[in-house]
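Structural features, examined
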Amino acid sequence: QIPRNWEEAMYLDKQNGNSKWFDARQLEINQLHEYDTFVDKGMAQKDKKGHVLNAPSGYHKINVQIVYAVKHNGRHKIRIVAGGHLTPDPVESVYSGVVSHKSLRLVVFLSQLNHHQLWGADVGNAYLEAYTREKVYIVAGSVFGDLEGHILVISKALYGLKTSGKMWHERFF
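First things first, this report covers the structure right here in the doc. Quantities reported herein were computed from a predicted structural model and do not represent experimental measurements.

Quick look at the sheet that holds strand β1 (residues 38-43)
Spatial ordering of the open sheet is given by β1-β6-β5-β2, a layout of 4 strands whose pairing is mixed. Bordering the open sheet on either side are β1 and β2 (60-61), each of which pairs with just one other strand.

Considering helix α3 (residues 101-113)
Taking 1.5 Å per residue as the helical rise, α3 with its 13 residues ought to reach 18 Å, and the 18 Å between its terminal C-alpha atoms agrees with that figure. Directly beyond the C-terminal end of α3, a positive phi value near 55° is found at His115.

Some details on the nonpolar core
Formed by 23 residues in total, the largest nonpolar core has its most connected members in Phe38, Phe144 and Ile154. Contributions of two or more residues to this core are made by α1 (6-16), α2 (20-34), β4 (76-82), β5 (136-139) and β6 (150-154). Broken down by element, this core gets its largest block of residues, 4 residues, from α2. In this structure, Phe38 is in contact with Leu32, Ile138, Phe144, Leu152, Val153, Ile154, Ser155 and Leu158, ignoring residues within four places of it in sequence. Core analysis: the second largest hydrophobic core is formed by 6 residues, Val52, Tyr137, Val139 and Ile151 among them.

Some words on the pairing of β4
Most of β4 sits out of view: 6 of its 7 residues are buried. Relative to β4, strand β3 (residues 64-70) runs antiparallel, the two being bridged by 7 bridges. If you follow Ala69 over to β4, its bridge partner there is Lys77. Hairpin remark: β3 followed by β4, antiparallel, with 5 residues in the connecting loop; positive phi at Gly74, about 90°.

Rules and cut-offs
- Numbering of residues begins from 1 in every chain and follows the order in which that chain's sequence is written.
- Residues qualify for local features only when their pLDDT is at least 70, as the model is predicted, and side-chain atom pairs are given and counted only at 80 or more; totals for whole chains, interfaces and linings, by contrast, use all residues.
- The basis for the side-chain values is all heavy atoms of the structure; hydrogens and waters are excluded.
- Two strands pair under a simple rule: DSSP has to find at least two bridges between them.
- Helix and strand definitions here come from DSSP, where helices need a minimum of 4 consecutive H or I residues and strands a minimum of 2 consecutive E residues; each element is numbered from the N-terminal end.
- Expected helix span is given by 1.5 Å per residue-to-residue step, counting one fewer step than there are residues.
- We call a set of buried Ala, Val, Leu, Ile, Met, Phe, Trp, Tyr and Cys residues a nonpolar core when their side-chain atoms join them within 4.5 Å.
- Partly exposed residues are those whose accessible area sits between 20% and 50% of the maximum for their type, while under 20% is buried and over 50% is exposed, using a 1.4 Å probe and protein chains only.
- Residues are treated as being in contact if the distance between any of their heavy atoms lies within 4.5 Å.

So, in C-alpha cells, the structure goes:
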C-alpha cells in the first residue's frame, strides 16, 4: 500500500510490523546529506502569522513533498521533491534533451544487426551531482528528523526544481 503522507507511512509500518517506510526515509535523507543538498541556516524564527523572520536574503521559500513508491522488486522508495512551481521562471532555457523513441529503436536495431550486446544503467541521484542556480529554501518538516524547523537552503539540483534537468545535463555533457 502506498501512503499519502508521513503519518500514514508510519501507520503502515506499525500495521505491517516492519520499518520499510521509515528505512526508505532514512535512506533518502542520508543521500541528500551525503550530496550536501542543503545548507543548514539554523532554526527558523517565525512571526505570529508564520512568516520566516530570518529567511536568507534574496531567496524564495518553497515547499517539498514526499513521493512514495513501491518498486517492482518490492523495495520501498521515498523521494523528496521540491515545489519548483513556486519559484520564479528562470531567464535562461531549462530545456534538457532526452533520447527520442526513434533514436532508441535505431540503437536497438543496429546492435541486433551487428550482434552487439546492449547494456542499460541508472545514475542514482543523478540530479544531486549538480548545483542549482535557483535561490530557494525550505523550512524542514518532521520528515527531516533533528532538522525539523531549520531553514535549509537548497544548493543541489533537487528533483522538482525548474533548472534541475538542465544543470544535470550541463554537468555530464
